[in-house]
Amino acid sequence: MRFIKPAWVTHKDVAKSDQDTKRQSIFSIHVHPDGSRIATGGLDAKVRIWSTKPILNAASEDSGRPPKSLCTLSMHTGPVLTVRWAHSGRWLASGSDDEIIMIWDLDPSGRGKVFGSNEVSIEAWKPMKRLPGHESDVTDIAWAPEDRYLASVGLDSKVIVWCGYTLERIRKLDQHNGFVKGVCFDPVGEFMATQSDDKSVKIWRTTDWELEAEIRKPFEDSPGSTFFRRLSWSPDGAHITASNATNNRGFVFIAAVITRGLWTSEISLVGHENTVEVAAYNPHIFLRNSSGPLVTSNICSVVALGADDRSISIWQTKSARPLIVAREVFERQIMDLSWSRDGLTLYAASSDGTIAVFDFDPEELDGIAPFSAQQQYLQKFGFVPPPVPEGYSHGTFYGDNNTPSSRITPPPSPQSRTMEQLQSQTEFGSDTANGGGEQINRLVAKKSNKKRVKPLLISDIPSASTSDNIINGATTQVPLSVVNQPPSSANGAGSTFARPESRYSIPKSRHPSHSTSPAPSMRGFDADVEMGGPKEMDVPIDVIDTSSSPGTTRGKRKASALEGDDRPTRPRTLGGDRPRDAVAVREIVSRRHERWHDLLPVPPVLTFLSTKVDGSEDVLEGRNSEGDSPSEVTFVSGKQTQWLDYVQFPIIALTASPAFCAVATQDGSVSVYSHTGRRIMPTITLDAPCSMIHSCKTSLLLLTITGQLSSINVKSQSAYFPSPFIGSLLHAPDSKVLAASVRHNGAPVLQISSGVAYTYDAQLLQWTKLSDEWWSEGSDVWQGRQRPTKDVIASIESAITANADDKAVIKERPEWWNAALTLGHLESKLHAAKALDCPSEYKQALLQYAKKLADEGFRAKAEELIKDLFGPVYWNPARKEESWSPTVVGLTKRDLLREVLSVFARSKTLTKLALDWQDTLRKASNEEQP
């Protein structure tokens, strides 16, 4: 094995001398699937692409062929925190501090000088797609197997899933309560895993993007100080290795190994002296016995860990000790790790602005198996991935037989092809029963020992063409210093395995999850775990014909008990066979009786109303007849009606959340439906018609024209609090309700034209102010007129500013005006974030508040804040303390206190106070266990 640190791989302006600039931190590194180049992202807001041959070959480095630096990409406006090549090698994805994900594609004609710099790009990568959606830093991204999906996570606590082909957003997942700092996909394609500062790893099903499991135990005492929490899934699909875990009440830093199916962590990788920042599995599976069969008991894997102690360890799961421990590789913590696709080279990046390379000989990694072995083994999980979208293709994926022997340039974007060109790329001719065209096998899992292939005609699919340009694209080698290097042994990759017939299989049905899958044992670590599920699963593949023409019997599938000729193509639903039609929107003259004392306006009766389900493309629609016909409710997905229902009175308002739909009618009734059209609550009868209606997750808000407000938990079918009257909020002349919404915890948010936002406190049974235009007159942290955001309190302040009178009046202010209003505003904001259950905004406001106290030197206020967060000195989590809760909005108060004390410690006035309390907090943490 060779250890290399190329000094020329750096993020700084190469046009300047070393005296003029310093190395910028490198946050991410990733190797192209063909191994010819690496991409790095850094603090300089640039993505840089480098040749690997000059790194691995000293002669190439000296000759300058190929060039060392291939390209510099500079479209981001903030530090680039993550870069990831697609598995096909065609696209590069990058995520940044600027909240944007960029998808880059090779531009064969775009090489030249980098704009605004003296650097020259040997090759050019153009920004093909810009993916907005996150509201804070994008910390990690991952491509799913076959590039079916692209997942991104960020400091907005959100996980966004994009289609890997169309690059359209599929789903936004918001169940994390802290910064999300790591994401990875199951190599089988069935699950996705994310890791967050809320001290959990969540497992999501890719079939419906619902939560499969949540793992918290090994992360309960993990620190929140790491830049990333990058986790990795083993190539055999059996385990996830998650970073930033601890044992022994947080005093032992480990990487936690989570077992598939059981979703428990009984195995720990122990040895690092500080938090583990990143885990990365070698893409190959390994055989314990190179001459043994490809069975669960004979499979293991190799994983690398990078930690804040500046060391890297490499483990093989069949051994209790690491293969290699490289200490003090960098001057600062490790940020990212990436294995080359051949499994023989490991690249590491550090915040000190350098990278390191571990280059192995094949004999040093005992039992490495080809990718065909992995593909064959993963079929035993029985998961059938969804089909590729029609008309899209990523081109060739790299594997055992198509990995180029020489380093090649990735192909450019796909262009339209003629039918003859498409046919020449496949083994199918044009003389089919369907009239010619490209033929794609459609495979369906069926327990049969026979396999028959019938071609199916689909439309043209543009595929990438391989570029003929070979880049003549370049390191200083340093002495090797490692411990526990494994002895040389024979390479175990000699066994041959059958290659799958087709990359894609189309399921007849999609189940949300599968039974516990086979998982290799990881004996030799802290514990032995027996994996559940059968060790051998044989799922032969049969092929069906879905496009046979009349009179054609060749390849016809045998009838079975589950299949008949009269079987419907899709499940039957109420109104599901009716196509969607357009309706002209116009107002219908109201027929309601004037028997209410209106405080709020009555919504007009329209011929057509609609609202979109949050996070999806489904639409809830209402249609009112201008005659005597009943009003109609429809739920539409795409262009197809999923279900319909009829209501007696005209529809005046609609709302839809991911959990339910609600329809308000003119007589004051509200009907609540599930997404399948089932009425999941009795019809609600209000004292008057709804003026405003809103939903969030399982919460439903109803505000009648007489001013009665109801907040209902649809899941538990109960009210959050007795219905209050809003008349007292409209005391100002000509004041009105501008907007009414509800939070997931049932807290209403009313924005009044007087410049005040209110909520109802269920414990106080009183209206309380969330924000007030008053604070904008002197607060230094007022967030008016900012760009659109989903931070609730920031949106409220922005709306108040937008509706305020722009006439500025210059007044003489008292001496302490700004300090008083800033502190008052932040204290009010903390209460608002607590009422609306906004953890991220609470933490942000708390740290701003702490900084303001430190800047002003208000020791009494600071000490009172510390005591409130610290709680009783001898507080015991096993005892119930009625007067003090250890958490606030789901965040641990003492964890928040650590960060507040860090702010105080950096100030000039509160340093001693902070140091004293840091010592007290440390002692309390050691003694709080019974």
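Residues numbered from 1 in each chain as written. Predicted model: local features only at pLDDT ≥ 70, side-chain atom pairs only at ≥ 80, totals over all residues. Heavy atoms only, no water.

1. Some remarks on the sheet that holds strand 22 (residues 252-259)
And then number 1: One open sheet holds the four strands; their spatial order is 20-21-22-23, and the pairing between them is antiparallel. With one partner strand each, in any of the chains shown, strand 20 (232-233) and strand 23 (267-270) form the two edges of the open sheet.
And then number 2: Sheet topology places strand 21 (residues 239-247) next to strand 22; seven bridges connect them, and they run antiparallel. Paired with Thr-241 across the strands is Val-257, a residue of strand 22. (Pairing = 2+ DSSP bridges. Helix = DSSP H or I, 4+ residues; strand = E, 2+ residues; numbered from the N terminus.)

2. Some details on the environment of Arg-332
And then number 1: You can see Arg-332 is positioned in the loop between strand 29 (324-326) and strand 30 (334-339).
And then number 2: Among the residues examined, Arg-332 registers a relative accessible area of 43% and is labelled partly exposed.
And then number 3: Taking the C-alpha atoms as reference, Arg-332 lies 9.6 Å from Ser-25; in sequence the two are 307 residues apart.
And then number 4: Not counting residues up to four positions away in its chain, the partners in contact with Arg-332 are Ser-25, Arg-310, Ser-350, Ser-351 and Asp-352. (Buried < 20%, exposed > 50% of the residue type's maximum accessible area, 1.4 Å probe, protein only. Contact = heavy atoms within 4.5 Å.)

3. As for the pattern of salt bridges
And then number 1: Applying the stated criterion across every chain yields a total of 36 salt bridges.
And then number 2: Notably, a salt bridge pairs Arg-229 with Asp-197, separated by 2.7 Å at the nearest N-O pair. Within this pair, whereas Arg-229 is found in the loop between strand 19 (211-215) and strand 20, its partner Asp-197 is found in the loop between strand 17 (191-196) and strand 18 (200-205), the two being separated by 32 residues in sequence.
And then number 3: A residue is classified by how much of its surface remains accessible, and Arg-229, at 0% relative accessible area, is buried.
And then number 4: Put simply, Lys-852 and Asp-780 hold a salt bridge, and the shortest N to O gap is 3.5 Å. Residue Lys-852 is located in helix 7 (residues 839-856), and its partner Asp-780 is located in the loop between strand 54 (766-772) and helix 5 (792-803); the two are separated by 72 residues in the primary sequence.
And then number 5: According to the relative accessible area criterion, Lys-852 is buried, its value standing at 14%.
And then number 6: One salt-bridge network, in which partners are shared between bridges, spans Arg-84, Asp-140, Arg-230 and Asp-336. (Salt bridge = Lys/Arg side-chain N within 4 Å of Asp/Glu carboxyl O.)

4. Considering the nonpolar core
And then number 1: Core analysis: the largest hydrophobic core is formed by 47 residues, its most contacted members being Ile-796, Leu-836, Tyr-842, Leu-846, Leu-865, Leu-901 and Phe-904.
And then number 2: Residue assignment for this core shows that the elements contributing at least two residues are helix 5, helix 6 (817-836), helix 7, helix 8 (859-870), helix 9 (893-905) and helix 10 (911-927).
And then number 3: A per-element tally of this core places helix 6 first, with eight residues.
And then number 4: Not counting residues up to four positions away in its chain, the partners in contact with Ile-796 are Val-749, Gln-751, Ala-757, Leu-770, Ser-771 and Leu-836.
And then number 5: Grouped together as the second largest cluster of nonpolar side chains are 26 residues, Ile-312, Trp-339, Leu-344 and Leu-346 included. (Core = buried A, V, L, I, M, F, W, Y, C linked by side-chain atoms within 4.5 Å.)

5. A short note on the packing of aromatic side chains
And then number 1: Applying the stated criterion across every chain, the model contains 18 aromatic pairs.
And then number 2: Ring geometry for Trp-85 and Trp-125: centres 5.2 Å apart, planes at 70 degrees, overall edge-to-face. Here the residue Trp-85 occupies a position in strand 6 (residues 80-85), and Trp-125 occupies one in strand 11 (residues 124-131), the gap between them amounting to 40 residues. Summarising the burial analysis for this pair, Trp-85 and Trp-125 share the class buried.
And then number 3: With a centroid separation of 4.8 Å and an interplanar angle of 40 degrees, the aromatic rings of Phe-721 and Tyr-760 are classed as tilted. Pair noted here: Phe-721 is in the loop between strand 50 (718-719) and strand 51 (737-742) and Tyr-760 is in strand 53 (residues 756-761), with a separation of 39 residues, a long-range link.
And then number 4: Among the aromatic residues, those joined into a ring-pair cluster are Phe-27, Phe-227 and Phe-228.
And then number 5: In this structure, Arg-341 is placed above the aromatic ring of Phe-371, and the distance from its NZ or CZ to the ring centre is 4.0 Å. (Phe/Tyr/Trp six-rings, centres within 6.5 Å; stacked < 30°, edge-to-face > 60°. Lys NZ or Arg CZ within 6 Å of the ring centre and 35° of its normal.)

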